[in-house]
Amino acid sequence: MAVNDFPGTAATGRLVSSWSNFISNTAGATTSINLVSSFSDDRGATWSAPAAITPTGGVHQGTQPVFLPDGSLYVVYIEFLPGGRATLFNIQGKHSADGGLTYSPTAAKIVDPVNGWDDPTVRDGVFLPSATASRQTGELFVTYVAVVGDTPRVHVTKSANRGSTWSPPVVVSDQPVGVSVMNPAIV
């Protein structure tokens, strides 16, 4: 969920909630996972009809909506790659110029591909990136964990143009080799 707390924008005070929509066949097996969002302009009393972030037929999860200083919205999420491994995915994003009513038709590739770290002893969110925006500049930042040389490392990437393009990821953790790190958050 995200709250537009930028005064003077068209959607000031708007709440946006985004989620994964699991679609199953008649046998109960998941056939696709698309992402949708809904917004409220009256403090949650009523909500809009769900808007599609991704089309049906793909396998996406981990939405992170973030408002930008101009009142637009950016949603970061992952797309699982073929092969059924929860640790192999792309990080993508879509911009919504109207604060969550509609989304750009094409996703931006934030990181492609990620070999995520799934801790063998602790439950983690291997495919859950974290996102934030600078309140002053509108730059977007995304953090996640990926394996580098058999060791998990926290990475950060940024966009200075509302998520159209992203910098090469930078490793920002320095824990000893073989020591786990997971679920980074950025603000």
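First things first, this report covers the structure right here in the doc. Keep in mind that what you see is a predicted model, and the values were worked out from it rather than measured. (Residues numbered from 1 in each chain as written. Predicted model: local features only at pLDDT ≥ 70, side-chain atom pairs only at ≥ 80, totals over all residues. Heavy atoms only, no water.)

**A closer look at the environment of glycine 8**
Part 1: By the element assignment, glycine 8 lies in the loop between strand S1 (2–3) and strand S2 (15–24).
Part 2: On the basis of relative accessible area, glycine 8 is assigned to the exposed category, the value being 80%.
Part 3: When the C-alpha positions of glycine 8 and valine 181 are compared, they lie 40 Å apart, and in sequence the two are 173 residues distant. (Helix = DSSP H or I, 4+ residues; strand = E, 2+ residues; numbered from the N terminus. Buried < 20%, exposed > 50% of the residue type's maximum accessible area, 1.4 Å probe, protein only.)

**With respect to the packing of aromatic side chains**
Part 1: Per the stated rule, a full pass over the model turns up 2 aromatic pairs.
Part 2: Ring plane angle 50° and centroid distance 6.0 Å describe the contact between tyrosine 74 and tryptophan 166, whose orientation is recorded as tilted. Pair noted here: tyrosine 74 is in strand S6 (residues 73–80) and tryptophan 166 is in the loop between strand S11 (151–159) and strand S12 (170–171), with a separation of 92 residues, a long-range link.
Part 3: In this structure tryptophan 166 comes out as buried when scored by relative accessible area, which is 13%.
Part 4: Judged by centre distance (4.9 Å) and plane angle (75°), the rings of phenylalanine 80 and phenylalanine 127 are edge-to-face. Taken as a pair, phenylalanine 80 in strand S6 and phenylalanine 127 in the loop between strand S8 (108–115) and strand S9 (130–133) lie far apart in primary sequence, 47 residues in all.
Part 5: Exposure remark for phenylalanine 127: the relative accessible area of 17% places this residue in the buried category.
Part 6: One cation-aromatic arrangement involves arginine 14 over phenylalanine 39; the distance from NZ or CZ to the ring centre is 3.8 Å. (Phe/Tyr/Trp six-rings, centres within 6.5 Å; stacked < 30°, edge-to-face > 60°. Lys NZ or Arg CZ within 6 Å of the ring centre and 35° of its normal.)

**Description of the pattern of salt bridges**
Part 1: In this structure the tally under the stated criterion is 5 salt bridges.
Part 2: Arginine 14 serves as the salt-bridge partner of aspartate 41, at 2.8 Å between the closest nitrogen and oxygen. On the criterion of sequence distance, the pair formed by aspartate 41 in the loop between strand S3 (30–40) and strand S4 (51–52) and arginine 14 in the loop between S1 and S2 is long-range, its members being 27 residues apart.
Part 3: By relative accessible area, which is 48% here, aspartate 41 ends up partly exposed.
Part 4: In this structure, the salt-bridge partner of lysine 109 is glutamate 79, at a minimum N-O distance of 4.0 Å. One end of the pair, lysine 109, is in strand S8; the other, glutamate 79, is in strand S6, with 30 residues separating them in the sequence. (Salt bridge = Lys/Arg side-chain N within 4 Å of Asp/Glu carboxyl O.)

Geometric values such as these leave the question of function open.
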